[in-house]
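Read off the chains here:
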Amino acid sequence: MIDPLLAADEEPGLSAAPPSYLSGLNPEQLLAVQTTEGPVLVLAGAGTGKTRVLTSRLAHILASGRARPWQVLAVTFTNRAAGEMRERVAAISGADAGKLWLGTFHSVGVRILRAHADKVGLRPNFTVLDADDQLRLLKQVMADANLDPKRYPPPMVLAAIQGWKDRGLTPDKVPDEDDRAEGKAIGLYRLYQQRLLTVNATDFGDLLLLVLELFTHNADILTQYQERFRYILVDEYQDTNVAQYLWLRLLARKNGNLCCVGDDDQSIYSWRGAEIDNILRFEHDFPGATVIRLERNYRSTPHILAAASGLIAHNDGRLGKTLMPGRPADPGSTKVELRGVWNGEEEARFVAERIAELERHGQRLSEIAILVRAGFQTREFEERLMRVGLAYRVVGGPRFYERQEIRDALAYLRVIAQSADSLAFERIVNLPKRGIGDSTLQVVHKLARAQNLPLVDAVRRLLDTDDLKPRPKATLSALLDQFAAWAKLAEILSPAELAKTVLDQSGYLAMWRADPAPDAPGRVDNLKELVAALESFDSLTAFLEHVSLVMENDAQAGAEKISLMTLHGAKGLEFDVVFLPGWEEGLFPHPRALDEQGMRGLEEERRLAYVGLTRARERAIISHAAERRVYNQWMHPPPSRFLEELPGEHVERAQIRGLDARPPGLAERDTAWSAPKPAKPAATFQPGDRVFHQKFGYGRVLISDAGKLDIEFDKAGMKKVIDSFVAKA
DNA sequence: ATCTTTCTAGTTTTT
DNA sequence: CTAGAAAGAT
């Protein structure tokens, strides 16, 4: 309901005081909240109160009676952001925030798609496949097409398909010259889409692409949504891809009330198809747009702000914002701290010691974060923190729903909810072991492919023939009966009860109980946890959708623990103290980003560094190691080029040394030099030995003759090498 | 059909 | 190094 008093506030002269949700906003923020009509681009620098503006704007639109909750579409980038926004809008404007169309692009997409599934060839209970299933499906399609996966690596083909989907391209719209895998990829894309429809499933990209298709081919449906959504809000606009842009354009075409909030300096998802041009071109795409800049930063100390600004200034192609300190300079505030260490181990020790020290001075652990470039870097810190007894949590680490036993259990539920889900069926058809092996499945696959059937249907038909051997046939027949029985049970049991029954009767739980492996009990526990998680859902489909779209891992949020996460994962968060380890060439900027994207890649890495720095309120502590072991290989990376780009007057080197001198701490810690890596024993090599060479990588010895080796290297081919240059692998 | 061994290839970020 | 696939053994 609209509060008439609040609505009256909009009438000039009648209002006694501005509504409470407007108080405390600075002039730019206020403008961003109150400019409700027409296209608006809000360029919100880090820490400038973006979330506040978004929620106030939503509240304002609702409270002023401009729209009812279900007439507002608000899309965010993460589920976390969506949840937070819903909560805050509810707190400000009271009722009905639950009726807002508020969620990620993908969750809004799936909602629309389920309502009109028939229009795109799906049934409403379609499954959303995760990355793993996508790849398996593509591998099957490629096998059917007799394509050698060695020659055309499935992950590359899948990446191409995803890239096309991100750009809103269906198979027939992909230009021939964009084809990959020697002209095979477009055809595979088409077959892959066909197979998805057959098994009544979509992948992530489809949640955007198919909605786009739905809208462009059904003018009436498009109109319906255009009229419904009177106001559209988009968060993190810099990370939208082309498909999402086209989506928004279609939906906003009618009334034009599109407000996009973003920061071009924080665009870090180009590898996922994000198109930074979307935000750079907004004024061009939406003529007459109002552009509002939020440049007053209330989060970080002036030193941190200046360091981050100085760094990002090295990027070209920015819209240009200048972050101004919104809080007074505190004479006691520290500069950005920079620390060189000997190796990764010492880095972890340094960070842990520093944290312990801060904690002694009253710093809360929940306000400390260690932000790394790549997931594997967390391990060293975990080990150290565990050893010294500092509580931590890894945010976005291995996800609960991605564990093997959970995926297996989910596969059972998926088949029950949607029998055509062939990927799920295949996963559990022989789990626990039922004697259904390759040869049997081969027969099933052949029929399924020939007739374009889901696997279950293919099995059902084969039961009437003699194409299957008697024993597997009987087993499959029993299994299908079991599935039918469970499907019936699903109608009367709660999802949690159903899951319990299925895990029991299928023998899946018993399988793990009987497993002597040390991790088996943990898996049984996880399965119990899964059942517990199911209890808060009243429909199986709702739960499965939650699993596929909401990959959150926020169970322990708020606990008094250090947060350990990737830089990507930290976007949108803030902490008192932020550690930024691993600022070395070869790690950060990540060479792969450079290889694939060149200058653009470097700029994105720099933005990532910027995001990292601007997470910090009080302290940012950067470190780099002189020596690091990566995959069994010692690297001696120079410090990251980003270090030189930080403005010197806002940075404090912990110990004064030249950037490329030996790392500090070395002279004091003579152990580091006097006991370097154990001296290489003069190893002798036999033909057939696996060896490692600093330059040529791994290889195999073919001939060994008086210290001279002929080696066939995996990558570099045949080389003659002196034996002291290689080590046993 | 399933278990065991051998080999190879891939190593970032995530809705 | 390690996961996953292929090949070989039971």
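It should be noted that the structure appears before, not after, this text.
Residues numbered from 1 in each chain as written. Chains lettered and ligands numbered in written order. Predicted model: local features only at pLDDT ≥ 70, side-chain atom pairs only at ≥ 80, totals over all residues. Heavy atoms only, no water.

Asker: So what exactly am I meant to see when it comes to the overall build of chain A here?
Answerer: Regarding its fold elements, chain A presents 28 helices and 23 strands. The buried share among the 729 residues of chain A stands at 52%. Relative to all contacts within chain A whose residues are 6 or more apart in sequence, the contacts with residues 24 or more apart total 74%. (Helix = DSSP H or I, 4+ residues; strand = E, 2+ residues; numbered from the N terminus. Buried < 20%, exposed > 50% of the residue type's maximum accessible area, 1.4 Å probe, protein only. Contact = heavy atoms within 4.5 Å.)

Asker: Please clarify how the packing of aromatic side chains should be interpreted in this entry.
Answerer: Any aromatic ring pair is given by two values, namely how distant the centres are and how the planes are angled relative to each other. Evaluation of the coordinates by the stated rule reveals 21 aromatic pairs. Geometrically, the ring pair formed by Phe-215 and Tyr-225 is tilted, given 5.7 Å between the ring centres and 50° between the ring planes. Residue Phe-215 is located in helix α9 (residues 204-217), and its partner Tyr-225 is located in helix α10 (residues 219-228); the two are separated by 10 residues in the primary sequence. Each member of the pair Phe-215 and Tyr-225 is classed as buried. The interplanar angle of 75° and the centroid separation of 5.3 Å between the aromatic rings of Phe-588 and Phe-642 together place this pair among those described as edge-to-face. (Phe/Tyr/Trp six-rings, centres within 6.5 Å; stacked < 30°, edge-to-face > 60°.)

Asker: Sorry if this is basic, but what is going on with the side chain of Arg-373 here?
Answerer: Position of Arg-373 relative to the elements: it lies in the loop between β12 (368-372) and α16 (378-388). For Arg-373, the side chain forms a polar contact with the side chain of Glu-605, separated by 2.8 Å. In contact with Arg-373, other than residues within four places in its own chain, are Thr-566, Leu-567, His-568, Leu-587, Phe-588, His-590, Glu-605 and Leu-608. (Polar contact = N/O pair within 3.5 Å; in protein donor to acceptor, adjacent residues only side chain to side chain.)

Asker: Explain the pairing of strand β15 (residues 575-580) here, please?
Answerer: Taken residue by residue, a regular strand's side chains alternate between the two faces of the sheet. Most of β15 sits out of view: 6 of its 6 residues are buried. Where β12 meets β15, 3 bridges bridge the pair, whose relative direction is parallel. Looking across to β15, one finds that Ala-369 is bridged to Val-578. Bridge count for β15 against strand β16 (residues 616-630) is 5 bridges, and the pairing is parallel. Its bridge partner lying in β16, Val-577 is registered against Arg-619. (Pairing = 2+ DSSP bridges.)

Asker: Would you mind going over unusual backbone geometry with me for this structure?
Answerer: With the exception of glycine, the majority of residues adopt a negative phi angle, and the majority of peptide bonds are in the trans configuration. A cis geometry characterises the amide bond from Leu-431 onward to Pro-432, with omega recorded as 0°. As for its position among the elements, Pro-432 is in the loop between α18 (422-428) and α19 (438-451). A cis amide bond links Phe-588 with the next residue in sequence, Pro-589, at an omega value of 10°. Turning to its location among the elements, Pro-589 is positioned in the loop between β15 and α26 (591-613). Even without a glycine there, the phi angle at Glu-236 is positive, about 50°. Here Glu-236 lies in the loop between β6 (231-234) and α11 (242-252). A residue is classified by how much of its surface remains accessible, and Glu-236, at 12% relative accessible area, is buried. For Asn-452, which is not a glycine, the phi torsion comes out positive at approximately 55°. Along the chain, the position of Asn-452 falls in the loop between α19 and α20 (455-462). We classify Asn-452 as partly exposed; its relative accessible area is 41%.

Asker: I tried to follow the sheet that holds β6 on my own but got confused; where do I start?
Answerer: Strand pairs in the sheet, formed through backbone hydrogen bonds, run parallel or antiparallel to each other. Overall, parallel pairing links the 6 strands, which are arranged β3-β2-β6-β7-β1-β8 in an open sheet. Sheet topology places β3 (101-104) and β8 (290-294) at the edges, where each strand pairs with a single neighbour. Across this sheet, the average inter-strand angle for adjacent strands is 15°, counted without regard to direction. As defined by bridge partners, strand β2 (residues 72-76) adjoins β6 across 4 bridges and the pair is classed as parallel. If you follow Ala-74 over to β6, its bridge partner there is Leu-233. (Axes fitted to C-alpha atoms, helices over the stretch in contact; angles between N-to-C directions.)

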